[in-house]
Structure formats: structure tokens, C-alpha cells
Amino acid sequence: MHKKIGKLLLVFLFVAAIARSQENVPPTDKFSIEGKVKNSFSFSLDQASQYKATSIDSIVIYNHLMQRKRVIKNIKGILLKDIIDKAVIDISSPKLFSEVYITCVASDNYKVVFSWNELFNTEAGKHVMVITESDGKQAKDGGDRIAVLSAFDQATGRRFVKSLTRVIIEQVK
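These lines cover the structure that appears in this document, whether it is placed above or below. Everything numeric here is computed off the predicted structure, so don't read it as measured data.

It is worth spelling out the sheet that holds strand β2 (residues 41–44) at this point. Here we have five strands laid out as an open sheet, ordered β2-β1-β11-β5-β6, and mixed in their pairing. Only two strands of the sheet have a single neighbouring strand rather than two, namely β2 and β6 (111–115). Each neighbouring strand pair of the sheet contributes to a mean axis angle of 20°, computed without reference to strand direction. Where strand β1 (residues 30–35) lies against β2, four bridges are found, and the strand directions are antiparallel.

So, in C-alpha cells, the structure goes:
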């Protein structure tokens, strides 16, 4: 009986440690665009004024079970596709764009994937943004700093990448 309790306690502590580590994502002030691009570069919050801004009044963040987690208000940001455009995807033929995917990586190694078609060829791409301001605060003054949000999703929390460090452009092999 004591062994079962010990094992349960160990499992509980392990799960609690994982949950706690996901809450403490190291903040970031810049991210790199890399991979299958002609111009790898770093984007920092100081460069935000060089891009066209877009706004959303508010968005509810839902988890994968569609449970409400929080509301973010007064969101301003830059479309992810506008930043990627500056890097110039290195593809030899237009039809190969359908093989391109974009991976957004957070400082805790959380990853989210978008297809090129999704960002550049559907309405969804008009709603995937790098947040520069929310809830009346500049991103540089917030806890998540640089974040990417797909406001077009139903379970918005699944592709809410806090503390973005890298955007990797790759081609399906």
C-alpha cells in the first residue's frame, strides 16, 4: 500500500513540475526568421513600427477542450505573413509553395505549425499576428513579450505561442 502511495506521489510531483514549467516561459524580445529563406534576419519589438499594424478589439483564449482560459483585449500586432515576406521564401517554382510550412518555436520549445497556403492563400492568414500590444501594454512591458496568435482558430490557445524565439520556414521532403 505504501509503495502505491509513493508511486502516486511521485507521478503527482512529476505532473505538477511539468505544469509549472509550462507556466514559466522565459520571455523574449526578438525572434529569428530562418530556414528556406533568402534573407534570414531577426525581428525585434523595436522594429514593429516598420510594419503595417492590425488590430483586434478582444479575443477569448480557449484550450483544446474549448474551455475559456482568458480574454485578451485591445490587441495590436503585425501579420506574421508580412514579416515572413521580408525574408523572401527561397522556392524555385510557385507550385512548390504548397509544400512550404512555417514552424513557430517558443523559448520553452513549444511549437506550432502553419502551412504557406494557410497564411498566404486563405482568410486565416489575415488573423495570424505577432502581438505588439495588448491589454493597454506594449509587448516589451508584458510577461510574454513576443507572442503569435491565430485569432481565426476556434481553440485559440492551441496556436498561441508565447515568447516566440524562431520562425522556421521549411519544405516538405
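Our focus in this paragraph is the pattern of salt bridges. All chains considered together, the criterion is met by five salt bridges. The closest approach of N and O atoms between Arg-166 and Glu-34, which form a salt bridge, is 3.2 Å. Of this pair, Arg-166 sits in strand β11 (residues 164–171) while Glu-34 sits in strand β1, placing them 132 residues apart in sequence. Across the pair Arg-159 and Asp-153 runs a salt bridge, and its minimum N-O distance is 2.8 Å. Here the two residues Arg-159 and Asp-153 agree in accessibility, since each one is buried. Where salt bridges share partners, they join Glu-118, Asp-153 and Arg-159 into one cluster.

Calculation notes
- Residues numbered from 1 in each chain as written.
- Predicted model: local features only at pLDDT ≥ 70, side-chain atom pairs only at ≥ 80, totals over all residues.
- Heavy atoms only, no water.
- Pairing = 2+ DSSP bridges.
- Helix = DSSP H or I, 4+ residues; strand = E, 2+ residues; numbered from the N terminus.
- Axes fitted to C-alpha atoms, helices over the stretch in contact; angles between N-to-C directions.
- Salt bridge = Lys/Arg side-chain N within 4 Å of Asp/Glu carboxyl O.
- Buried < 20%, exposed > 50% of the residue type's maximum accessible area, 1.4 Å probe, protein only.

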